[in-house]
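Understanding the architecture of this molecule
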Amino acid sequence: MKASEIAKIAQIASALEVSGYPKPGNVHRTRDYDDMVFEDFVISGIVIGDSIREACTDVDVENPQLGKYILQAVAETDKWIKNNTNLGIVMMTTPIAVAAAISDSFDEIRENIKLVMGNTSVDDACDLYDAINIADAGGMGDQDEYDVASDNAKNELRQNNQTMYDVLKISAPWDMLAREMTSDMPAVFEIGYPTYHELKEEKTQNEACLLTFLTILSHVPDTLISRKYGDEEALKISLMTRDLLKMKDSDDFMELVGQFDDYLFSNKYNPGTTADLTAASIFVSYLKSNFE
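Residues numbered from 1 in each chain as written. Predicted model: local features only at pLDDT ≥ 70, side-chain atom pairs only at ≥ 80, totals over all residues. Heavy atoms only, no water.

Thoughts on the overall build of the protein
We count it as follows: A run of DSSP states H or I qualifies as a helix once it reaches four residues; a run of E qualifies as a strand once it reaches two. Both are numbered from the N-terminal end. Burial status follows relative accessibility: with a 1.4 Å probe on protein chains alone, a residue under 20% of its type maximum counts as buried, one over 50% as exposed, and anything between as partly exposed. In what follows, residue pairs with any heavy atoms lying within 4.5 Å of each other are defined as contacts. Per-residue and other accessible areas were derived by the Shrake-Rupley procedure at a 1.4 Å probe size, with only the shown protein chains allowed to occlude residues. Neither His nor the chain ends is counted toward charge; the positive residues are Lys and Arg and the negative residues Asp and Glu. A charge is said to be at NZ when it belongs to Lys, at CZ for Arg, at CG for Asp and at CD for Glu.
Looking only at helices and strands, the protein has 16 helices and zero strands in total. Principal-axis analysis of the C-alpha atoms gives the protein an extent of 55 × 45 × 30 Å. Scored against the burial criterion, the 292 residues of the protein give a buried share of 55%. Across the protein, the fraction of contacts at a sequence separation of at least 24, relative to all contacts at a separation of at least 6, is 73%. Accessible area of the protein: about 12,600 Å², with a carbon and sulfur share of 46%. Looking at charge distribution, the protein has the averaged site of its 25 positive side-chain charges lying 2 Å from that of its 51 negative ones.

Concerning helix α14 (residues 231-245)
Our working definition: Here the expected span of a helix is defined as 1.5 Å times the quantity of residues minus one. Within this analysis, the arc is defined by the directions that extend from the helix axis to the C-beta atoms.
Along its 15 residues, α14 runs 21 Å from first to last C-alpha, staying within 8% of the 21 Å computed at 1.5 Å per residue. Taken residue by residue, α14 has A234, I237, S238, T241, L244 and L245 as its buried positions. Seen from one end, α14 has its buried residues packed into an arc of 115 degrees, which puts them on one side.

Some remarks on unusual backbone geometry
In this structure, the amide linkage connecting Y21 to the following residue, P22, adopts the cis form with an omega of -5 degrees. Of note, P22 is situated in the loop between α1 (3-19) and α2 (38-47). Even without glycine at this site, D184 takes up a positive phi of about 75 degrees. Tracing the backbone shows D184 in the loop between α10 (176-181) and α11 (186-199). You can call D184 partly exposed: its relative accessible area is 27%.

Considerations on the pattern of salt bridges
Note the threshold: We count a salt bridge whenever a side-chain nitrogen from Lys or Arg sits within 4 Å of a carboxyl oxygen from Asp or Glu.
According to the stated counting rule, one finds 14 salt bridges in the structure shown. Of the charged contacts in the structure, one is a salt bridge between E17 and K23, with a shortest N-O distance of 3.2 Å. Note on accessibility: E17 and K23 belong to one class, buried. Where E111 meets K114, a salt bridge forms, and the shortest distance between an N and an O atom there is 3.8 Å. With E111 and K114 both in helix α6 (residues 109-118), this residue pair falls three residues apart, about one helical turn. With relative accessibility at 51%, the residue E111 sits in the exposed group. Salt bridges sharing common partners tie together R31, D261 and D262.

And the structure:
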């Protein structure tokens, strides 16, 4: 698939994810937050296009430079938006995009994600740390080992020859995106993408996005909520989502979703990791459609 086409699909996926409403606990087209608004995410989805296209052009499989392009996309976003709107989406989208660029069929993508992630370098790890610091995103690599906020962090990475894959593996126990990127992306390829791909054939794009988001959250407790409020609270939100989905065929389902959105918003529960996984799932679904 052409690099330009992959980049467009990444932009489309970003736009569709943020447009989904009333996507509980997140910014969407009818819900702004004090520090970031719907338009911030629309702009962010547009400006990543060039970096994704470059990442997918003439890929060196032995050194795909994923960290370089993640950093490039986040730095470009920072020129336009002074919030962390898309670090997670960029982290998920970049390896999927590069894998798609070197795949001859959709069925090769997942295996090629493992390949390019396994070929990340120490430079990629350092670039990822720079991207995290630009986005001012907490929670990844901010434990005792390789603290992303430490002035000496990148020196430690180089001294210990830690690749991007290595540092993500360290973060995997407490960060869902790191877990996805180092474990064959099960939430995206086994839950999110199949759900969205089926739903978009029979539902509106908004309904497909919303139901995919809820399905992922019902199966996978959100680690952004976990880091802020603890694992028990994250599990509680997932169980509430599971109960909500039991009502998906009822006439008042959208009203119930709106009430759940209000509840999460008022209690400051923000399942932002789930939003990133939803965007990645939409991205994979559209890649499949364009491979066929």
